[in-house]
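Understanding the architecture of this molecule
One-letter residues, chain by chain:
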Amino acid sequence: MERIQLAEDVSLSRIVHGMWRLSDWGYSQEEVVEFIEKCLDFGVTSFDHADIYGNYTVEEQFGQALELKPSLRDKIEIVTKCGIKLISSNRPEHKIKYYDTSKEHIIRSVEKSLKNFRTDYIDILLIHRPDPMMDPSEVAEAFTQLKEQGKVKRFGVSNFAPSQYKLLNSYLDEPLVTNQIEISATHLEHFDKGTIEQCQMDRISPMAWSPLGGGSIFTSTEEKVNRVRNTLEKIQGQIGAESMDQVLYAWLLTHPSKILPIVGSGKIERVKSAVSSLDIKLDSQQWFEILEASKGKEVD
Amino acid sequence: MERIQLAEDVSLSRIVHGMWRLSDWGYSQEEVVEFIEKCLDFGVTSFDHADIYGNYTVEEQFGQALELKPSLRDKIEIVTKCGIKLISSNRPEHKIKYYDTSKEHIIRSVEKSLKNFRTDYIDILLIHRPDPMMDPSEVAEAFTQLKEQGKVKRFGVSNFAPSQYKLLNSYLDEPLVTNQIEISATHLEHFDKGTIEQCQMDRISPMAWSPLGGGSIFTSTEEKVNRVRNTLEKIQGQIGAESMDQVLYAWLLTHPSKILPIVGSGKIERVKSAVSSLDIKLDSQQWFEILEASKGKEVD
Amino acid sequence: MERIQLAEDVSLSRIVHGMWRLSDWGYSQEEVVEFIEKCLDFGVTSFDHADIYGNYTVEEQFGQALELKPSLRDKIEIVTKCGIKLISSNRPEHKIKYYDTSKEHIIRSVEKSLKNFRTDYIDILLIHRPDPMMDPSEVAEAFTQLKEQGKVKRFGVSNFAPSQYKLLNSYLDEPLVTNQIEISATHLEHFDKGTIEQCQMDRISPMAWSPLGGGSIFTSTEEKVNRVRNTLEKIQGQIGAESMDQVLYAWLLTHPSKILPIVGSGKIERVKSAVSSLDIKLDSQQWFEILEASKGKEVD
């Protein structure tokens, strides 16, 4: 599978798997191992996490699988995040949902992630949300320390607007390597806000969460979703794709910014289908037809 | 007439003529020659085009006039554009309206423009609209090749937001020389979005399309237009201008960013009137009175 | 009191006093002297003005106090502004409210301010509002001349969006030292528009006008204000603050951008209370609880 070189020492598989919902799948440790191995068979080597996923449980569930089969660690890349604090029985000290990007919290969160994953390094650590209270010099200190200790290889962000990305970048010794944002045919916000342009400007590739639009494409009766679904079905026929999913992935993969879609499914056949979409190439008219269906009007 | 030096080797007349509607004027080839010559008499030497104007016919109609009188070519500057693909009987392969800023399309479009104009160079080529599918490195390759072949002297864009302008500029060997945007007393979008500020920041001059607000100033009964019209009439009286047009042009010409208004009329007396507006200077209070009439409130 | 070094040669007290309403307080010259001396006793040495305050009268009223006690001048920093022209019986030549950032006006306005203040220098001069007619090269010329003549030590702006700040900065020999903007728990605009981020990016500290939200917090029955007030009262109890004011100031002072709040009250006990808020530190949960009360929803 195509790989995207995010930095000299870190590359990700073009299709990333997202473990957001791992705790909902009812998998045993053995089944998680098996799932990871099948992903690896398809060339999907990169796994996206966050400290808070599964109410603070997913990292450890994944780590238990790595413990069961330690040889997996060197074959995969772990992306995880910190910076959000949830109201949770697992964090009784949180009275509200808020952000914390203090040096102390970033370091403590990574230490916990390392323990959860049964590993001694994270490939890429992301700040999960732009924090209005962020002190960029504290974040920079935390990153420098974690890097020097070999605990994190590279750093990125998630859901950052261009101005927030530039701000943090301006305080760092080494540039951020990615911005993980919501992009899909039904969620065009980051085309409109210039986030994708800023990735192109900074020569980085965005990671896309919810690349299928959160599944609403199959169920929603909203007018916009209807329009997009009809267009996807038409183009699916034209190009002989196996599913609408594949057209949605292809729509992202065709974009020149080299978007890395995060596949969130626990069903291995859907991961396989996402991987197959790498062989599909939409032409410009097909790409714009989907865009215009989503916008509800032709381009200006 | 005042000239604006957009680059070392290209300057435009402060008043530019726009050929958008040439195909509607019912002019013979001889009449087009005559019209161009009269523009030249007034000092208007720069003519704005696009591949798509007149349903892909205007460039050639203009070129036929240049063929009739080849000596005109060296006395004028040709600005043209590419990047929009229209649904048109002249382009049956287009099933939808979309953008194409691929290297291949840019080069093919310029080749066609050169043939249409019966010339071997374009003075300034603009990318017509910001393309969400733009691969800036492809655009850069196309520009480099066209420049090296002597087919285009300089490059610019049209309707680009500041972030889009910066993105493309960051991939080019030579900076963009202009951004052609809609600016008029009734269309303040680019004051609000920072596009004009970005031109000032990058030390370039914007070209203004629809500098009279698309003619609505004479016909619309919209409240905003009424307010602006009343203010224009009052100020026209104060400064002894011949027409509201002149006050509208003067409003643009007074701005420090050195806006180049594009006059779109096929009536030579209206071109003359636009040229005369260069002699009018609004004072600050008059300038703001028009701005505030358009906004419907005084400044903060 | 903590001081903020805005430039090599100018620092302000962290709490600034704003003289906006001086002419409404009914103070004699002696009482103004006494008020300034009490501020100095608290460590408040910086006084914020504008040419237009009190319908063009405040600067002179303050200057008369300085005339009465000339030794005060060297103990204080004077911040003043220019660039707005008000309709006023004191400026009969103004027919509308408008902006003027021409070189001529900036210099003339400073000359007048120097006379009003009975001083030969201004510590910091701010352009009061972003002017759509601003010619940044003229502003730069005015600043250079005023600096060379020793009439103004440093320059800043007020109410500038990030793009406007960058534009002006790009024309100046010396960078702007501050952006005075409206920030309070009930006015989050500059968190949302990236203005505060841009201050952090440019390593400058913003000054905050209306840091209490214009007093509406005590009187408004608006739902948003109710929510914020309830939260402030709760947190006031938690931290043992003397007043809601103090919680509002502490909310600003806790932010890492080192915001300088401008206290606008003529009552010395309220200045004292603001100064005491420097000893209060909100924890992250308290800070976000106020933010979320203002937004009416938790963070994403």
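Residues numbered from 1 in each chain as written. Chains lettered and ligands numbered in written order. Predicted model: local features only at pLDDT ≥ 70, side-chain atom pairs only at ≥ 80, totals over all residues. Heavy atoms only, no water.

- By the naming in an unreviewed UniProt entry, chain A goes by Oxidoreductase and is assigned to Sutcliffiella horikoshii.
- UniProt's Sequence similarities (unreviewed entry) comment on chain A is quoted here verbatim: "Belongs to the aldo/keto reductase family. Aldo/keto reductase 2 subfamily." (UniProt positions renumbered as here; feature names shortened; annotations may be inferred.)

**What about the environment of Lys272 of chain A?**
Residues and elements named next belong to chain A.
- Its location among the elements puts Lys272 in helix α12 (residues 268–276).
- Owing to a relative accessible area of 46%, Lys272 belongs among the partly exposed residues under this scheme.
- Along the chain, Lys272 and Ser46 lie 226 residues apart, while their C-alpha atoms are 14 Å from each other. (Helix = DSSP H or I, 4+ residues; strand = E, 2+ residues; numbered from the N terminus. Buried < 20%, exposed > 50% of the residue type's maximum accessible area, 1.4 Å probe, protein only.)

**Quick look at the interface of chain C and chain A**
- Contacts between chain C and chain A engage 19 residues on the former and 21 residues on the latter.
- A buried area of about 1900 Å², summed over both sides, lies between chain C and chain A, and 58% of it is on carbon and sulfur atoms.
- On the chain C side of the contact with chain A, Gln285, Phe288 and Asp300 of chain C bury the most area, a combined 32% of that side's loss.
- Applying the counting criterion to the chain C and chain A interface returns 0 salt bridges.
- Where chain C touches chain A, the interface holds 10 residue pairs in polar contact (both at pLDDT 80 or more).
- Of all the secondary structure elements, the ones that give two or more residues to the side of chain C that touches chain A are α8 (195–201) and α13 (284–295) of chain C.
- At 7 residues, α13 of chain C tops the list of elements feeding residues into the side of chain C that touches chain A.
- For the side of chain C that touches chain A, the class distribution of residues is 7 nonpolar, 5 polar and 7 charged. (Contact = heavy atoms within 4.5 Å. Buried area = accessible area lost by both parts, 1.4 Å probe. Salt bridge = Lys/Arg side-chain N within 4 Å of Asp/Glu carboxyl O. Polar contact = N/O pair within 3.5 Å; in protein donor to acceptor, adjacent residues only side chain to side chain. Nonpolar A, V, L, I, M, F, W, Y, C, P; charged D, E, K, R; others polar.)

**Digging into the sheet that holds strand β11 (residues 207–209) of chain C**
All names here are of chain C.
- One closed barrel holds the 8 strands; their spatial order is β3-β4-β5-β8-β9-β10-β11-β12, and the pairing between them is parallel. Along the sheet, successive strands turn relative to each other by an average axial angle of 30°, direction set aside.
- Examined bridge by bridge, strand β8 (residues 122–127) and strand β9 (residues 152–158) share 5 bridges and lie parallel to one another. Each residue of the ladder has a partner; that of Leu125, found in β9, is Phe155. (Pairing = 2+ DSSP bridges. Axes fitted to C-alpha atoms, helices over the stretch in contact; angles between N-to-C directions.)

**Here we look at helix α5 (residues 136–148) of chain C**
- In this model, α5 of chain C (13 residues) spans 18 Å end to end at C-alpha, consistent with the 18 Å of a helix rising 1.5 Å per residue.
- All buried positions along α5 of chain C are accounted for by Pro136, Val139, Ala140, Ala142, Phe143 and Leu146 of chain C. All buried residues of α5 of chain C fall inside an arc of 165° around its axis, so they share one side.
- Here the buried face of α5 of chain C lies against α8 (195–201) of chain B together with α4 (103–117), β8, β9 and α6 (162–169) of chain C. (Expected span 1.5 Å × (residues − 1). Arc of directions from axis to C-beta.)

**Some points on the environment of Leu232 of chain C**
Residues and elements named next belong to chain C.
- Along the polypeptide, Leu232 turns up in helix α10 (residues 223–239).
- Along the backbone, Leu232 and Gln286 are 54 residues apart, and their C-alpha atoms lie at a distance of 9.2 Å.
- In this structure Leu232 touches Ile217, Met244, Val247, Leu248 and Ile290, once residues within four positions along its chain are discounted.

**Focus: the packing of helix α1 (residues 29–42) of chain B against helix α12 (residues 268–276) of chain B**
Residue and element names in this part refer to chain B.
- Packing of α1 against α12 brings their axes to within 10 Å, and their N-to-C directions diverge by 20°. Overall, the two elements α1 and α12 adopt an arrangement that is roughly parallel. Relative to α12, the crossing made by α1 is right-handed. Contact residues: α1 offers Phe35, Lys38, Cys39 and Phe42, while α12 offers Ile268, Val271, Lys272 and Val275.
- Looking at the contact of α1 with α12 residue by residue, the class counts come to 6 nonpolar, no polar and 2 charged. (Parallel < 35°, antiparallel > 145°, perpendicular 65-115°, else oblique. Left-handed = near helix turned anticlockwise from the far one by under 90°.)

**As for the interface of chain B and chain C**
- On the chain C side, the residues contacting the 19 residues of chain B number 21 residues.
- Regarding the contact of chain B and chain C, the summed buried area is about 1900 Å², with carbon and sulfur atoms giving 58% of it.
- Per-residue buried area on chain B facing chain C is highest for Gln285, Phe288 and Asp300 of chain B; these three make up 31% of the total on that side.
- Taken together, chain B and chain C are joined by 0 salt bridges.
- Scanning the region where chain B abuts chain C turns up 10 residue pairs in polar contact (both at pLDDT 80 or more).
- Counting only elements with at least two residues in the side of chain B that touches chain C, the list comes to α8 and α13 (284–295) of chain B.
- Element by element, the count of residues in the side of chain B that touches chain C is highest for α13 of chain B, at 7 residues.

**Some remarks on the pairing of strand β8 (residues 122–127) of chain B**
Residues and elements named next belong to chain B.
- Counting buried residues along β8, 6 of its 6 residues qualify, which places the element largely inside the surrounding structure.
- Pairing geometry for strand β5 (residues 77–82) and β8, over 4 bridges, is parallel. In the sheet register, Thr80 faces β8, and the bridge partner there is Leu125.
- For the segment spanning β8, helix α5 (residues 136–148) and strand β9 (residues 152–158), crossover handedness is right-handed. (Right-handed = clockwise from strand over helix to strand, strands pointing away.)

**Concerning the packing of aromatic side chains**
- Under the counting rule described, the total for this entry stands at 36 aromatic pairs over all chains.
- With centroids separated by 5.8 Å and ring planes inclined at 75°, the aromatic side chains of Tyr99 of chain A and Phe288 of chain C adopt a geometry described as edge-to-face. With Tyr99 of chain A in strand β7 (residues 98–99) and Phe288 of chain C in helix α13, this pair bridges two chains. The same class applies to Tyr99 of chain A and to Phe288 of chain C, which are both buried.
- Three or more aromatic residues joined by ring pairs form one cluster here, namely Tyr98 and Tyr99 of chain A together with Phe191, Trp251, Trp287 and Phe288 of chain C.
- One Lys or Arg, Arg21 of chain B, reaches over the ring of Trp20 of chain B and ends 4.4 Å from the middle of that ring.
- When the ring centre of Tyr121 of chain B is taken as origin, the NZ or CZ atom of Arg73 of chain B, which lies over that ring, is 3.8 Å away. (Phe/Tyr/Trp six-rings, centres within 6.5 Å; stacked < 30°, edge-to-face > 60°. Lys NZ or Arg CZ within 6 Å of the ring centre and 35° of its normal.)

**Things to note about the relation of the copies chain C and chain A**
- Once turned by 120° and shifted 0.0 Å along the axis, chain C lies on chain A with an RMSD of 0.0 Å. In the structure described here, the two chain copies are related by an operation that fits a three-fold rotation axis. Distance from the rotation axis, computed per C-alpha, reaches its smallest value in chain C at Ser163 of chain C: 6.2 Å.
- Each copy contacts the other with its own distinct surface, as only 5% of the interface residues of chain C are interface residues in chain A too. (Least-squares fit on C-alpha atoms with pLDDT ≥ 70 in both.)

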